[in-house]
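Chain by chain, the residues:
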Amino acid sequence: FAAQTLSGNGTIVARVASLQNTNSWAKAGVMIRESPALGSSTTSGARHAFCCVSAANGVAFQRRSTADGASAHTAGSTAGAPRWVKVERSGNLLTGYESADGTTWTKVGSVTIAIGSSARFGLAVTSHANGTLTTANFDHVSVTPMANN
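The following paragraphs examine the structure supplied in this document. (Residues numbered from 1 in each chain as written. Predicted model: local features only at pLDDT ≥ 70, side-chain atom pairs only at ≥ 80, totals over all residues. Heavy atoms only, no water.)

Scanning the model with the defined rule gives 3 salt bridges in all. Between Glu34 and Arg47 there is a salt bridge; the shortest N-O distance is 2.3 Å. Here Glu34, found in strand β3 (residues 27-34), pairs with Arg47, found in the loop between β3 and β4 (48-54); they are 13 residues apart in sequence, far enough to count as distant. Of the residues examined, Arg47 reaches a relative accessible area of 22% and is grouped as partly exposed. Salt-bridge contacts for Glu98 lead to Arg83; the nearest nitrogen and oxygen are separated by 2.9 Å. Here the residue Glu98 occupies a position in strand β8 (residues 93-99), and Arg83 occupies one in strand β7 (residues 83-90), the gap between them amounting to 15 residues. In this pair, the class of Glu98 matches that of Arg83, namely buried. (Salt bridge = Lys/Arg side-chain N within 4 Å of Asp/Glu carboxyl O. Helix = DSSP H or I, 4+ residues; strand = E, 2+ residues; numbered from the N terminus. Buried < 20%, exposed > 50% of the residue type's maximum accessible area, 1.4 Å probe, protein only.)

Before going further, it helps to examine the nonpolar core. Residues Ile32, Cys51, Val87 and Leu94 are the most contacted members of the largest nonpolar core, which totals 23 residues. When contributions to this core are tallied by element, the ones reaching two or more residues are β2 (10-19), β3, β4, β5 (59-64), β7, β9 (106-112) and β10 (118-126). With 4 residues, β2 is the single largest residue contributor to this core. Setting aside anything within four residues of it in sequence, one finds Cys51 in contact with Gly29, Val30, Val59, Ala60, Phe61, Val85, Lys86, Val87, Gly96, Tyr97 and Val108. Core analysis: the next-biggest nonpolar cluster, separate from the first, contains 5 residues, Met31, Phe50, Cys52 and Ala60 among them. (Core = buried A, V, L, I, M, F, W, Y, C linked by side-chain atoms within 4.5 Å. Contact = heavy atoms within 4.5 Å.)

Listed below in structure tokens is the structure:
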């Protein structure tokens, strides 16, 4: 997970240009994640919203609404990389979108999560296979602050 901290509302967009298939659920995408306490690293059980492209299972909007809780999943299209993904934050509402062209967006899912005013907006990749690394290529990455409500 490579990220920057943003306070308040905003959007992260990227095109997953390619993704190595180390597992059918290997995935890459954009995430808005709860910021950890000052001086600590990102915790594995942090609340988050993630819109991603998988190696063989299409697009998904995945999220964890409680710290150290289970993740939930909403399937998007069956498209693979290259594919555009976006997560938008408006207050506590986080919404994931996908697009073939980066212009016309389709909502995959949304969730209300209280993650605090400051959050990490970034790119996430997982091989979904313990002990195996995977590679993803991103382009057209942008993080855009939005007016706070």
